[in-house]
Amino acid sequence: MSSVECKVVIGLEIHVQLLTKTKMFCGCALEFAGEPNSRVCPVCLGLPGSLPVMNRKAFELSVMAGLALNCKIANFTKWDRKSYYYPDLPKNYQISQYDLPFSEHGFIEIPVNSGDAKRIRITRAHLEEDAGKNVHTAGNFSQVDLNRAGTPLLEIVTEPDMNSGSEVRALAIELQRIVQYLGVSEASMQKGQMRFEPNVNLHIIKDGKEYKTPITEVKNLNSFRALEESVNYEHSRQLEEFLATGKTMEMGNKSTRGWDADRGVTVLQREKEEAHDYRYFPDPDLLPVKLTDEWIEDMRSKLCELPLQKQFRYVKEFKLSEYDAGVLTAERAVAELFEGAVEQGGEPKRVCNIISQAGLKLANEAGRSMAELNIDAEGVAAIAKMVEANEINAGAAGAILAEMTKTDKSAKAIAEELNLIQKSDASELEGLVDAVIAENPQAVDDVKSGGKKSKAARGFLMGKVMQKAKGQANPKIVSQILAKKFG
Amino acid sequence: MAQKIDIDQVRKVANLSRLDLSSEQLTEFAGQLSSILEYVEKMNELDTDGVEPLAHCLEVSNCFREDIAKESLGTDKTLSNAPEQDGQFFIVPKILDESNAS
Amino acid sequence: MSDELLSLSCRKLTELIRRGEVSSRKAVEAVFSSIEKTEPVVGAYLSTFIDESLERADEIDSKIAAGKKVGKLAGLPIAVKDNMCTTFGATTCGSKILENFHAPYNAAVIERLLAEDAVIVGKLNMDEFAMGSSTENSGLKKTVNPWDVNRVPGGSSGGSAAAVASGMCMAALGSDTGGSIRQPASFCGVVGLKPTYGRVSRYGLVAYGSSLDQIGPLTRDVADAGLMMNVIAGHDDNDSTSVNEKIAPVPDYLENIEKGIEGLTIGVAPQFHAGADVEVLSAIEDAIEVYKGLGAKVVEIDMPHIDYSVAAYYVIATAEASSNLARFDGVHYGHRTAKPEDYIEVYSKSRAEAFGTEVKRRIMLGTYALSSGYYDAYYLKALKVRSLIRSDFTGAFEKCDCIMTPVSPTTAFKIGENIDDPLKMYLSDIYTIGVNLAGIPGISIPCGFDGNDLPVGLQILTPAFTESKLLRIARMFESCTEFHKRRPQKV
């Protein structure tokens, strides 16, 4: 039996749709769905005589993304035409960037294991226009819709630095967080605003000799799960294939496979890398872009602390768990709410619980994001402080938060209105305790007798007091009174 | 004398250009393109080492438009010149090999 | 009466219209009666719009009658080359592939003409997609030279030059990628100006070689070219390559047009005279003598790389064209083959059926020049040579105000004479092509006639964005000669 060691190697080609109001080279509005071929003009229809003019916002968003990915931003960049014929590409060339992309040589850090970051190198990031869509319906024909044609896309290419499906997934999630944080993209995989194409192969050591399997490019991935599963699938498929055929990587034997989510397998789409000849050349209709250092710095100033840095900082600075820090940093608005509340004096763990439990539950129920819930940091801080001061119990926080989404009243006012303020007046509570003691002689005996039953009976009495106070008694004070009564 | 570009190359170029040419046309083009290319290679008499290629004669850069929506043509006008359409889409014979897309 | 109207300059006619002394309707009717008479012989137009033109003329006349302000071209019957998109009529580019194409938008220059109250009477024939020097490559129509119907009008703006020369419009727009305004202007004895690259918006001009294409006027005299420039020059937000007016302000091209240039220095380069017919050369030499008589000084300049301009041009222009013309595929607009087997055939058969031979040849050449393995040897090399050619001009303009050359080595040649030898046809563009590669302006003005009574054109070149000066220099010659006043009598 020979020994086989095997490592999976994955690089990604990623397309991110930029969050602009209009297309990359024309003023057609960008919206999801809508009547087919309704958002089309002479430019994105590729009519003769039409000319592209670059969307400044698209360019600036890309530069911000490039900076966030630690790329070197070029001082000179230009546009090239990439030629191929396809019905969803009206000009039969795509405006893209070839030899002088606006950014190169960056990296992204992804969380691995517990609290560690792994650095994945970014080869390059460039801007290009999206194609339209070919719709294959029943019948002998295909339909072409150009609404998407000309949508600005950021293409990011990574080095083959990932070594498992879970790392690929982690990168995808991390990238999504980053571009969402920066407002660069909505980055919904379901809506196709973020598309991943992994290039997968195996490095195998068999009997002391290293082999590399042919690279497979996987397409049709529209969820993080599909991304991870397809890589894992390729891992085992390629190993099997290698053991059966011994086939290794050589020029031109890269294949393309599509992910079949229902069956959980990849299906061969194209056996060999076709001899594509894209005939790139500089687009004479567009001017190059010169980026001054000033401009780049201005873009840099628009960046914010990136999610993973935030996540690690929350663990370190606020002693939150990995999990909690991850939840809080998933969305920029949530992280900002958290930080705002802490800044206003909320105890971090307390604030975290209010947001991550009550808050996210509310958002979920409303089908909206936290940012859309009319909850501000001041309110969250106020709630946290009330819990901390035992003015309300932890359970009341959710009710106050829920009410906050509907009114502009202060946390305190809401708590009073909803009768959630705990009774802390010792003499009032003592009356209640006395009444409970009078009504439950058996339990009182059990407490006094000590031993096994004593603790349960004490709890029972406590419960009775709380019941009498309709839940508004401060448990700490009640417990102190009980202790005093029974010595 | 051997031609600069042979018929197989001409066929390949015709394919890249999406031109369905007859074999007579291929032969004719092979001859004509060869003599044009031979002439064009006159450029090789010039030493261009260190010369910056000039793709644009304008020495300007950074032309942008603001991200403001303009009216689109709408479906009817978009499809108005289409050889085949169904009121919503352009129609082409069935595309079988989706992977041909870039 | 109508002939008289048509012999006026654009400036004079629009002034009379503006003053209400002549109606725009009269001018338009005069043009259409000339078209009726001459068009069957010359064949300059691909489409005419008589009803719409008269309607528009009436609108302008009533605006004037009501004392409203009218534009710089008020009521003038003007025609445009059929590669400029118009929402009226078809925009064919002289190609079967666009025979039934109706653009849903107007080119920027069309909008400018209309905004200045011009009446666009029709669209003019051309070599298919502006590829050619004789208009013989039109897929739709044959145009002849009004001076000799057995000869070509030049190209690719042959329809524009022929229509202006034969009085079928007051002025026309053409486009110039390698000489396509200047050479037909020269062959037909009219004025043709190719502005600096970036001076006039290309938006709506169907692209041939995008880094070389420029729209310009063809007129019967120099000042009319200035008038047209006053309308079409300027920045356009829809064309990234149209120059910002802060960088290059747009002057009033008519303001100083009668003022000659004192101490004018003319550059003459031997490379620009090599291979020209004796009669052409002698007309050019005579013209330069006229300038000397006006006080100009002549210096010899060296243009060592101009001999390579045809080679560089036919790589760059065809490379860009191969990409620009990829969109004509029978999917979204234009001709589609009748029974395609699959979608690939929609491309390859539609294109093979509807493109003419010259267009196919250039697409093939350009595709080859860009294809893997040949890019550096051809395309990149050509861009470097282009750089050297531009340096030639930059260096020359340090020594002179302008350069004078023939427009073409010959006068109008016979129909069919060069059609079988593409390379020979390409080489006839030798004097005009470098100008497009360098992006500078150039004008062709009538400067004499050969033994066959065919017009000879003088080409004058000045540095980028100095059209104003260029027009003044051209006007110096025109103001003391009569060549521009001669009209063809044979049609």
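Conventions adopted
- Residues numbered from 1 in each chain as written.
- Chains lettered and ligands numbered in written order.
- Predicted model: local features only at pLDDT ≥ 70, side-chain atom pairs only at ≥ 80, totals over all residues.
- Heavy atoms only, no water.
- Helix = DSSP H or I, 4+ residues; strand = E, 2+ residues; numbered from the N terminus.
- Rg over C-alpha atoms; globule rule 2.2 N^0.38 Å.
- Buried < 20%, exposed > 50% of the residue type's maximum accessible area, 1.4 Å probe, protein only.
- Contact = heavy atoms within 4.5 Å.
- Areas by Shrake-Rupley, 256 points an atom, 1.4 Å probe, with all protein chains shown as cover.
- Lys, Arg positive; Asp, Glu negative; His and termini not counted.
- Charge placed at Lys NZ, Arg CZ, Asp CG, Glu CD.
- Domains from an automatic or database assignment.
- Buried area = accessible area lost by both parts, 1.4 Å probe.
- Salt bridge = Lys/Arg side-chain N within 4 Å of Asp/Glu carboxyl O.
- Polar contact = N/O pair within 3.5 Å; in protein donor to acceptor, adjacent residues only side chain to side chain.
- Nonpolar A, V, L, I, M, F, W, Y, C, P; charged D, E, K, R; others polar.
- Phe/Tyr/Trp six-rings, centres within 6.5 Å; stacked < 30°, edge-to-face > 60°.
- Lys NZ or Arg CZ within 6 Å of the ring centre and 35° of its normal.
- Axes fitted to C-alpha atoms, helices over the stretch in contact; angles between N-to-C directions.
- Parallel < 35°, antiparallel > 145°, perpendicular 65-115°, else oblique.
- Left-handed = near helix turned anticlockwise from the far one by under 90°.
- Patch = residues over 30% accessible without salt bridge, like charges linked within 9 Å, V, L, I, M, F, W, Y side chains within 5 Å.
- Expected span 1.5 Å × (residues − 1).
- Pairing = 2+ DSSP bridges.
- Core = buried A, V, L, I, M, F, W, Y, C linked by side-chain atoms within 4.5 Å.

Undergrad: Whenever I open this one, the overall build of chain B confuses me. Can you help?
TA: What chain B contains, in helices and strands, is 3 helices and 2 strands. Sequence-ordered secondary structure for chain B, helices as α and strands as β, is α-α-β-α-β. In terms of overall size, chain B is more extended than a compact globule, its C-alpha atoms giving a radius of gyration of 22 Å where 102 residues would be expected to give roughly 13 Å. Overall, chain B is about 55 × 45 × 25 Å in size when its C-alpha atoms are taken along their principal axes. Residues counted as buried form 45% of the 102 residues belonging to chain B. Taking the contacts inside chain B whose residues are at least 6 apart along the sequence as the reference set, 35% of them involve residues at least 24 apart. A total accessible area of about 5400 Å² is found for chain B, and carbon and sulfur atoms account for 47% of it. The distance from the centre of the 9 positive side-chain charges to the centre of the 20 negative ones in chain B is 3 Å.

Undergrad: Help me understand the domain arrangement of chain C in this model?
TA: Where interface size is quoted, it is often the accessible area lost as the parts come together. Residue and element names in this part refer to chain C. Each domain of chain C was delimited in the assignment, giving domain 1 (2-303 + 392-485) and domain 2 (306-387). The interface of domain 1 with domain 2 comprises 33 residues on the first partner and 27 residues on the second. Both sides of the domain 1 and domain 2 interface together cover about 2800 Å² of buried area, and 66% of this is carbon and sulfur. By the criterion of area lost to domain 2, the three top residues of domain 1 are Ile97, Tyr426 and Leu437, representing 27% of everything that side buries. In this assembly, domain 1 and domain 2 are joined by 0 salt bridges. For the pair domain 1 and domain 2, the number of links is 14 residue pairs in polar contact (both at pLDDT 80 or more). Secondary structure elements with two or more residues in the side of domain 1 that touches domain 2: helix 13 (375-396), helix 14 (422-427) and helix 15 (430-438). If you tally residues by element for the side of domain 1 that touches domain 2, the top one is helix 15, at 5 residues. Split by residue class, the side of domain 1 that touches domain 2 holds 18 nonpolar, 11 polar and 4 charged.

Undergrad: How should unusual backbone geometry be read in this particular structure?
TA: Most of the time, phi is negative for any residue but glycine, and the peptide bond is trans. The amide bond that connects Gly155 of chain C to the next residue, Ser156 of chain C, takes the cis arrangement and shows omega of 10°. By the element assignment, Ser156 of chain C lies in the loop between strand 3 (119-124) and helix 6 (158-165). One non-glycine residue, Arg279 of chain A, adopts positive backbone phi at about 45°. Residue classification places Arg279 of chain A among the buried residues on the basis of a relative accessible area of 8%.

Undergrad: Sorry if this is basic, but what is going on with the packing of aromatic side chains here?
TA: In this description, a pair of aromatic rings is defined by centroid distance and the angle of the planes. A full pass over the atoms with the stated rule returns 38 aromatic pairs over all chains. Judged by centre distance (5.5 Å) and plane angle (50°), the ring pair of Phe101 of chain C and Tyr333 of chain C falls under tilted. Here Tyr333 of chain C lies in the loop between helix 10 (309-324) and helix 11 (343-354) and Phe101 of chain C lies in the loop between strand 2 (77-81) and helix 5 (108-115), a separation of 232 residues in the sequence. Take Phe101 of chain C: its relative accessible area is 1%, and that puts it in the buried class. Ring geometry for Tyr368 of chain C and Tyr378 of chain C: centres 5.7 Å apart, planes at 50°, overall tilted. Here Tyr378 of chain C lies in helix 13 and Tyr368 of chain C lies in helix 12 (residues 357-370), a separation of 10 residues in the sequence. Classification of Tyr368 of chain C as buried rests on a relative accessible area of 4%. Here a set of aromatic residues connected by ring pairs shows up, and it is made of Phe25, Phe59, Trp79, Phe102 and Trp295 of chain A together with Phe64 of chain B. The residue whose ring lies beneath Arg119 of chain A is Phe107 of chain A, and the NZ or CZ to ring-centre distance is 3.6 Å. In this arrangement the basic side chain of Arg486 of chain C is found over the ring face of Phe449 of chain C, its NZ or CZ atom lying 3.8 Å from the centre.

Undergrad: Is there a simple way to think about the pattern of salt bridges in this case?
TA: Where charged atoms from two side chains of opposite charge approach closely, those side chains can pair. With the rule as written, the count across this model stands at 59 salt bridges over all chains. One network of salt bridges, with partners in common, ties together Glu305, Lys310, Arg313, Glu317 and Glu339 of chain A.

Undergrad: What am I meant to see in the packing of helix 8 (residues 348-366) of chain A against helix 10 (residues 394-404) of chain A here?
TA: For any two helices packed against each other, one specifies the crossing angle of their axes together with the interaxial distance. Residues and elements named next belong to chain A. Relative to each other, helix 8 and helix 10 sit at 45°, their axes nearing to 10 Å. With respect to their mutual orientation, helix 8 and helix 10 come out oblique. Pair helix 8 / helix 10 crosses with right-handed handedness. For the pair helix 8 and helix 10, the contacting residues are Ile354, Ala358, Gly359 and Leu362 in the first and Ala397, Gly398, Leu401 and Ala402 in the second. Residue classes in the contact of helix 8 with helix 10 are distributed as 6 nonpolar, 2 polar and no charged.

Undergrad: Just to check I follow, could you spell out a negative patch on the surface for this structure?
TA: Residue and element names in this part refer to chain C. Negative charge collects at one region of the surface, where Asp51, Glu52, Glu55 and Glu59 lie side by side. Structurally, Glu52 can be placed in helix 4 (residues 50-65). On the basis of relative accessible area, Glu52 is assigned to the partly exposed category, the value being 49%.

Undergrad: Would you mind going over the interface of chain B and chain C with me for this structure?
TA: Contacts between the two partners involve 54 residues from chain B and, on the opposite side, 66 residues from chain C. Counting the surface lost from both chain B and chain C, the interface buries some 5300 Å², and carbon and sulfur atoms represent 70% of this. The largest share of the area that chain B buries against chain C comes from Met43, Leu54 and Asn81 of chain B, three residues that together contribute 13% of it. With its nearest N and O atoms 3.1 Å apart, the salt bridge here joins Arg390 of chain C to Glu59 of chain B.

Undergrad: In this structure, what is going on with helix 2 (residues 23-40) of chain B? I would like to understand it.
TA: The periodicity of an α-helix, 3.6 residues per turn, causes residues three or four positions apart to be oriented the same way. With 18 residues, helix 2 of chain B ought to run about 26 Å at 1.5 Å a step, and its terminal C-alpha atoms sit 25 Å apart, in line with that. Within the span of helix 2 of chain B, buried status applies to Leu26, Phe29, Ala30, Gln32, Leu33, Ser34, Ile36, Leu37, Tyr39 and Val40 of chain B. Contacts made by the buried residues of helix 2 of chain B are with helix 1 (7-16) of chain B together with helix 10, helix 12, helix 13 and helix 14 of chain C.

Undergrad: It is not clear to me how the interface of chain A and chain C should be interpreted in this structure. Could you clarify?
TA: Each partner contributes to the interface: chain A provides 30 residues, whereas chain C provides 38 residues. A combined buried area of about 2800 Å² lies between chain A and chain C, and 59% of that area is made up of carbon and sulfur atoms. Where chain A packs against chain C, one counts 1 salt bridge. Asp285 of chain A is the partner of Arg202 of chain C in a salt bridge, and the nearest nitrogen-oxygen pair spans 3.1 Å.

Undergrad: Hey, could you run me through the sheet that holds strand 5 (residues 191-194) of chain C in this one?
TA: Strand-to-strand pairing in sheets goes through backbone hydrogen bonds, with the strands running parallel or antiparallel. All names here are of chain C. Read from one edge to the other, the open sheet built from 11 strands follows the order 1-3-2-4-6-5-10-11-9-7-8, with strand pairing classed as mixed. Unpaired on one side and paired on the other, strand 1 (45-48) and strand 8 (297-300) mark the two borders of the sheet. Across the sheet, the axes of successive neighbouring strands diverge by a mean angle of 30°, strand direction being ignored. Sheet topology note: the strand 2/strand 4 (residues 171-176) ladder contains 3 bridges and is parallel.

Undergrad: Mind showing me how you'd approach the nonpolar core here?
TA: One recurring pattern in soluble globular proteins: nonpolar side chains tend to sit buried together. Membership of the largest hydrophobic core comes to 182 residues, with the highest contact counts inside it found for Phe59 and Phe196 of chain A together with Phe129, Phe393 and Ile403 of chain C. In terms of residues, this core owes the most to one element, helix 10 of chain C, which gives 10 residues. Not counting residues within four places of it along the chain, the set of residues in contact with Phe393 of chain C comprises Phe272, Met303, Ile306, Ile403, Gly434, Val435, Ala438, Ile440 and Leu461 of chain C. The next biggest cluster of nonpolar side chains, apart from the first, holds 94 residues, and it includes Val164, Val190, Leu227 and Ile288 of chain C.

Undergrad: Is there a simple way to explain the pairing of strand 5 (residues 80-83) of chain A in this structure?
TA: Moving residue by residue along a regular strand, the side chains alternate between the two faces of the sheet. All names here are of chain A. Along strand 5, one buried face is formed by Asp80 and Lys82 and the opposite face, lined by Arg81 and Ser83, is buried too. Of the pairings in the sheet, the one linking strand 5 to strand 6 (residues 93-96) comprises 4 bridges and is antiparallel in character. Residue pairing in the sheet places Lys82 in a bridge with Gln94 of strand 6. Here strand 5 pairs with strand 17 (residues 281-282) via 2 bridges, running antiparallel. Note that in strand 17 the partner of Arg81 across the bridge is Phe281.

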